[in-house]
Structure formats: structure tokens, C-alpha cells
Amino acid sequence: MISISKPYIDEKEQRAVLAVLASKLLARGSVTNRLEQEFAKTCGVKYAVAVSSGTAALHVALCSIGIGKGDEVITTPFTFVATAHAILMTGARPVLADIDSSFNISSNSIQKFITKKTKAILAVDLYGRPADYVSIKAIAAKHKLYVVEDAAQAIGSTYQKKKAGGLGDIGCFSLYATKNITTGEGGMITTNDKALYQKCQLLRHHSQDPGKSYEYLGLGFNYEITDLASAIGIEQLKKLRSITKKRISIAKKYNLAFKSIKGLIIPDNPKEVEHVYHQYTLRVTAEYKLSRDGFVSQLNSKGIMARIYYPKPLYYFSHIKPEKFNVRDYPNTEKLCGEVVSIPVHPGLTHDETTYIIETIRNL
Ligand SMILES: *Cc1c(COP(=O)(O)O)cnc(C)c1O
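Residues numbered from 1 in each chain as written. Predicted model: local features only at pLDDT ≥ 70, side-chain atom pairs only at ≥ 80, totals over all residues. Heavy atoms only, no water.

## Concerning the site of the ligand
Around the ligand sit 16 residues in total, of which Gly54, Thr55, Asp150, Ser174 and Lys179 are the nearest. Between the ligand and Gly54 there is a distance of 2.8 Å, counted from an oxygen atom to a backbone nitrogen or oxygen. Taking Lys179, its side chain carries an N or O atom lying 3.1 Å from an oxygen atom of the ligand. Looking at the shell around the ligand, the element that brings in the most residues is helix H3 (residues 54–64), giving three residues. Taken together, the residues of the shell around the ligand break down into six nonpolar, eight polar and two charged. (Near = heavy atom within 4 Å. Polar contact = N/O pair within 3.5 Å; in protein donor to acceptor, adjacent residues only side chain to side chain. Helix = DSSP H or I, 4+ residues; strand = E, 2+ residues; numbered from the N terminus. Nonpolar A, V, L, I, M, F, W, Y, C, P; charged D, E, K, R; others polar.)

Below is the structure:
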């Protein structure tokens, strides 16, 4: 079976972990500091704070801008559940807007959901493609809202030449095993705002007073990453450019091969974005000769792992469902959710595997 994702690691990561083990300094320390500096540079921002997961990054980022009980945060229903869970973890309500054909949150839809309680827009750069930050930021400026960027899938991508992680007021990344670069589990927060940076550092470690151990300035968490994980992250960052190039080159081959197949729609890739193809996601429409689920089972039976990200919009989970839910607010989510299918695009794919995937789909 050709798997849908595979970490791109070699002896470099192994050696880096062994060196940390030999140092006997396993928890967060100088290795994590180095990872944070390199990560901030990669994202073109001033500051980065490493945490234990992407979910932790989102939770801390939302807390740092003061989100809590009674607040509303507008986000997309078409994302990994962690995006909405992080909002719920603060005590605030996720308010779900519709998406557009980019699979990301629709700015037109956001407008409809703004209330007096709205404090932030949490946009997701789904599949590795940044959301439409020009219109998102215009709405945010008009209503004095923060913009939080869930860039868990989008490290290395750009929007109008600006890097993901620096597109909102604060950005969040995941370093989970299936993401474009990984530390097994891990996360990162990025920002240019010094006050938010300092707040995130506090929240990661029980809000301990930076000037005095065992003094606490408020509620905080243990969202610490280890230097073992950070050592892997440093090596992974060095590979980011080549990982991204490989993903884009496979996606370009797919685009060429699939663009004229009737009923299949390839991911669009407008000039203002550089898509890093965390997922390569096709739309299987009604004009195609098979149903979407038929397409998936055909590929799976031929040894190609094809997956649906995500099979269920978040408003169908009772703990996330908006108070005044009306499915007619979500025509695009409803339609696209029934059409999407992601196929392998990870940098470990061989030339032969890529060719096999292309030929298999063309001959279905
Ligand atoms: C992976 C992911 C997360 C959560 O990251 P974890 O490291 O698994 O906690 C959040 N949002 C999106 C869009 C993701 O893909």
C-alpha cells in the first residue's frame, strides 16, 4: 500500500536525538531555543514559542489574546477538530462560517456571523494553502478583531510573498508525525508581537514568574516540548525547502495528468499563494464516472491510500454545533465535503509510485 503520509527522516534526526540523550538534558532547554530561532526565521517573524502540540499552540495563542468565556471566535467547519476544540478549551464559543472553493473560510460568510461578542477570526490554511488574508484582515480591522492563523498544515507556504505563520496577529503550527515537518508530537506559535510572545512563554509553563521560580502570575499549563523533540525539529527545518519542492513537483505532475479528466477538479493555485500541498486534494464531482466513495475504494483496492479530509463538517458534532444552526448557511461546505479526496503527495514517494498513481487514476 502506498501510504498517504510518511515522515521524511534519516540518520540526521537519529544522531540529533542521540546527542540530546547523551547530554542528559532532556526537557526544554538550549536545543529548543535554537529550534525557536530557526523556526521564527523560516516564517519571517520575530518570535516563536515551541509547545507540545498544535492543539496546545492554538490554545495558548487564543489565551494570549484574551479569549475566554462569553467570547465568540469565528472559524471554519472544514478543518481538523483541534481548531474548534482549542476555542472550546478557552471557554469561548466557536462560530462556524462557510468555506469557498479554496476550501478555506469564506470572507463573505464571516461577515454574516459577526456579533458584539466576536473577538477573533481563526483562519485555517487548509491542505497547505493560505486563506484569503487580505479580506480577512480588512474585516478584522473594521470590527477590531484579532486574526489567528492555524497554519498546522502550511509551513513554508506563502500568501502575497508573505510566509504562513506571519499572516495574522499570531500563527500556530503542528509538528505531528503526518505534517510536512515533524517532531513526532509538537507545536509552534509565531508572532511579531512582543507582548503576545511573552504571554505565550508564560502560559506554556504554568505562568511562572520569569523573575522568580515557584511564583505564578495566573493560570497556566504544562505545554512543554522536550529537547529530544526539538532536536528532530532542527534537522527537519533544514530539509523544509527540499520537502516542499518535492511536494510541489509531485502536485504539478498530478495537475497536468488530471486536469482534463471529466468530472475531476484539481486544486486551484492562484498566483498570490504558494501552496505547499500538505494534502493533494481532488474534487470528484457528479460528472465523474464513479462516485467519490467509489473512487476511494477503487484506489484503495489498487494499493493506493486515498483519504477524505474531512468526512464530517464540525457543525455535525453536538458539542461544537452553533446555537442557531442552519445547514443553509453552509452550501459550499456541504458540497465540497462530499467531493474531496486526498491522494499521496509526501516527499518519500518514488518516481515509480507517482507514475503508478497517475496511471491508475487515468485508467479508472
Ligand atoms: C494537525 C492539526 C492541528 C492540531 O495539531 P496537533 O499537533 O495534532 O495537536 C490543528 N489544526 C489543523 C488544521 C491540523 O491539521
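Still more to cover.
## Side note on the side chain of Thr83
Mapped onto the fold, Thr83 is located in helix H4 (residues 82–89). Excluding residues within four positions of it along the chain, Thr83 makes contact with Leu58, Thr75, Leu122, Val124 and Asp150. (Contact = heavy atoms within 4.5 Å.)

## Looking at the sheet that holds strand E3 (residues 93–96)
Read across the sheet, seven strands follow the order E1-E9-E8-E5-E4-E2-E3 without closing on themselves; strand pairing throughout is mixed. Two strands bound the open sheet, and with one partner strand each, they are strand E1 (47–51) and E3. Looking at each pair of strands side by side, their axes are set apart by 25 degrees on average, direction ignored. Summarising the sheet, strand E5 (residues 146–150) and strand E8 (residues 170–174) pair through three bridges and their orientation is parallel. Of the residues in E8, the one forming a bridge with Glu149 is Gly171. Here H4 sits on the sheet in contact with strand E2 (72–75), E3, strand E4 (118–124) and E5, set at roughly 140 degrees to E3. Sitting on the sheet, helix H7 (residues 194–204) touches E1, E8 and strand E9 (187–191), and the angle it makes with E1 is about 15 degrees. (Pairing = 2+ DSSP bridges. Axes fitted to C-alpha atoms, helices over the stretch in contact; angles between N-to-C directions.)

## Notes on helix H2 (residues 30–43)
For H2, spanning 14 residues, the distance from its first C-alpha to its last is 20 Å, which sits close to the expected 20 Å at 1.5 Å a residue. When H2 is considered as a whole, its buried residues turn out to be Val31, Thr32, Leu35, Glu36, Phe39, Ala40 and Cys43. Looking down the long axis of H2, one finds its buried residues gathered within 165 degrees of arc, a one-sided arrangement. Counted as exposed and oriented over 90 degrees from the buried face of H2: Ser30, Gln37 and Lys41. Downstream of H2 by one or two residues, Gly44 has phi in the positive range, about 65 degrees. (Expected span 1.5 Å × (residues − 1). Buried < 20%, exposed > 50% of the residue type's maximum accessible area, 1.4 Å probe, protein only. Arc of directions from axis to C-beta.)

## Some remarks on a nonpolar patch on the surface
Residues Leu18, Leu21 and Leu26 make up a contiguous nonpolar surface patch of about 270 Å² in total accessible area. By secondary structure assignment, the location of Leu18 is in helix H1 (residues 11–23). Given the relative accessible area of 55%, Leu18 is considered exposed. (Patch = residues over 30% accessible without salt bridge, like charges linked within 9 Å, V, L, I, M, F, W, Y side chains within 5 Å. Areas by Shrake-Rupley, 256 points an atom, 1.4 Å probe, with all protein chains shown as cover. Salt bridge = Lys/Arg side-chain N within 4 Å of Asp/Glu carboxyl O.)

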